[in-house]
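Each chain, written out:
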Amino acid sequence: MSAHIIDGKAIAAAIRQEVAEGVARLQAAHGVVPGLTVVLVGEDPASQVYVRNKEKAATTIGMNSQVIRLPASTSQEDLLALIAKLNADPTVHGILVQLPLPDHINEEAIVLAVDPHKDVDGFHPINVGRLHTGQSGLIPCTPAGILVLLDRAGIQLKGKNAVVVGRSNIVGKPAAMLLLSRHATVTICHSRTADLAAEVRRGDVVVAAVGKARLIKGDWIKPGATVIDVGTNRVDDKLVGDVDFESASQVASYITPVPGGVGPMTIAMLMKNALTAAEAAVQ
Ligand code: NDP
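Residues numbered from 1 in each chain as written. Predicted model: local features only at pLDDT ≥ 70, side-chain atom pairs only at ≥ 80, totals over all residues. Heavy atoms only, no water.

Novice: Help me out: how do you make sense of the overall build of the protein chain in this one?
Specialist: Assigned secondary structure in the protein chain consists of 10 helices and 11 strands. A globule of 283 residues ought to have a C-alpha radius of gyration of about 19 Å, and the protein chain, at 19 Å, matches this closely. Dimensions of the protein chain along its principal axes, counting C-alpha atoms only, are 55 × 45 × 35 Å. Here the protein chain holds 283 residues, and 46% of them are scored as buried. Here the analysis covers contacts within the protein chain between residues at least 6 apart in sequence; of these, 69% occur between residues at least 24 apart. About 13400 Å² of surface is accessible on the protein chain, with carbon and sulfur atoms providing 53% of the total. Between the mean site of the 26 positive side-chain charges and the mean site of the 27 negative ones, the protein chain shows a separation of 5 Å. (Helix = DSSP H or I, 4+ residues; strand = E, 2+ residues; numbered from the N terminus. Rg over C-alpha atoms; globule rule 2.2 N^0.38 Å. Buried < 20%, exposed > 50% of the residue type's maximum accessible area, 1.4 Å probe, protein only. Contact = heavy atoms within 4.5 Å. Areas by Shrake-Rupley, 256 points an atom, 1.4 Å probe, with all protein chains shown as cover. Lys, Arg positive; Asp, Glu negative; His and termini not counted. Charge placed at Lys NZ, Arg CZ, Asp CG, Glu CD.)

Set out below in structure tokens:
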């Protein structure tokens, strides 16, 4: 058996198209163009690529996109002052401070400073709490993208065993909460899980968000399961996931590739969050 590949590139393109239509509708109805501001502190090469891609995506779908680039020496006080200014600016609907920040800046203080209504990363504790209590709010982009991939592939979640490997605040935990909100029975695994293979074997849906190349083997996968691979690991200059694609794709019924699975969804969902924030601002 060979699994059906969930095409994240195509699904992300469809989301971006839908967001572009939403942007046009909002402008026609309210004369408002969603504004997304990304703040980049320092010169981290990976962050620079992410920020460029975010800027390009926002511009392409008709948003006002602004990138504020600050030197690595920027003080926490100055960054907080900038965030306060952006919070007060009605033309800015979404604010994203690219992480990681230089060591002398306390990330928690920065995440807390962003107005939760403009927190398009969904990292503010208010939005985290809203997700955990089942209220609407801005949801972290990667987990939100995972749910869209599952939905668009037609995967039913109600009553299914979902196993999430990884418990980070940006992927594992929110992904588990979203699966729970869809009535899956959710297991969250981490580095101290006693028998990871046995846990994964019970999963009708497996979400791998670990950061360890090909950790999850094909013979851990329940036949017919759906496998969502969030991992992005560089091996010999190639991007590989947390799942051993070759063996897992022989057992699963649906699987995401790396690259071309979850990756493209993250920016598409960021655009969706920026639109959602702008729509909420005109209510
Ligand atoms: P973190 O490093 O923050 O978290 C990794 C999690 O995996 C931790 O909860 C850790 O457990 C767990 N873990 C580590 N080793 C093992 C192991 N051997 N067995 C079981 N669990 C283990 O990573 P992120 O959540 O930020 O990212 C995960 C992966 O997803 C990375 O490859 C990252 O690059 C990728 N990613 C991709 C995105 C995309 O857009 N495609 C976006 C975000 C991330 P513990 O808590 O016990 O330490």
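Don't stop here, the text continues.
Novice: How do you make sense of the pairing of strand E5 (residues 161-165) when you look at a structure like this?
Specialist: Successive side chains on a regular strand alternate, one facing one side of the sheet and the next facing the other. Of all the five residues making up E5, four are buried; the element is thus mostly covered by neighbouring parts of the structure. For E5 and strand E6 (residues 185-189), the ladder comprises five bridges, and the chain directions are parallel. Within E6, the position partnered with Ala162 by the bridge is Val186. In this fold, E5 hands off to helix H7 (residues 172-181), which returns the chain to E6; that crossover is right-handed. Strand direction decides the pairing type here: E5 and strand E7 (residues 205-208), joined by four bridges, are parallel. Among the inter-strand pairings, Ala162 is bridged to a residue of E7, identified as Val205. (Pairing = 2+ DSSP bridges. Right-handed = clockwise from strand over helix to strand, strands pointing away.)

Novice: Explain the sheet that holds strand E3 (residues 64-70) here, please?
Specialist: Each strand in a sheet pairs with another by means of backbone hydrogen bonds, the pair being arranged parallel or else antiparallel. Taken together, three strands build an open sheet; the order of strands is E3-E2-E4 and the sheet is parallel. Edge strands, defined here as strands with exactly one partner in the open sheet, are E3 and strand E4 (94-97). The sheet shows a mean angle of 15° between the axes of neighbouring strands, taken without regard to direction. Here strand E2 (residues 35-41) pairs with E4 via four bridges, running parallel. Counted as the bridge partner of Val38 is Leu96 from E4. (Axes fitted to C-alpha atoms, helices over the stretch in contact; angles between N-to-C directions.)

Novice: Can you walk me through helix H10 (residues 263-281) in this structure?
Specialist: Residue pairs three or four apart in sequence face the same way in an α-helix, which turns once every 3.6 residues. Its 19 residues give H10 an end-to-end C-alpha distance of 28 Å, which sits within 8% of 27 Å, the value for a rise of 1.5 Å per residue. What H10 keeps buried is the set Met265, Ala268, Met269, Leu270, Met271, Asn273, Ala274, Leu275, Ala277 and Ala278. Those residues of H10 hidden inside the fold are in contact with helix H1 (8-30), E2, helix H2 (45-60), E4 and helix H6 (141-152). (Expected span 1.5 Å × (residues − 1).)

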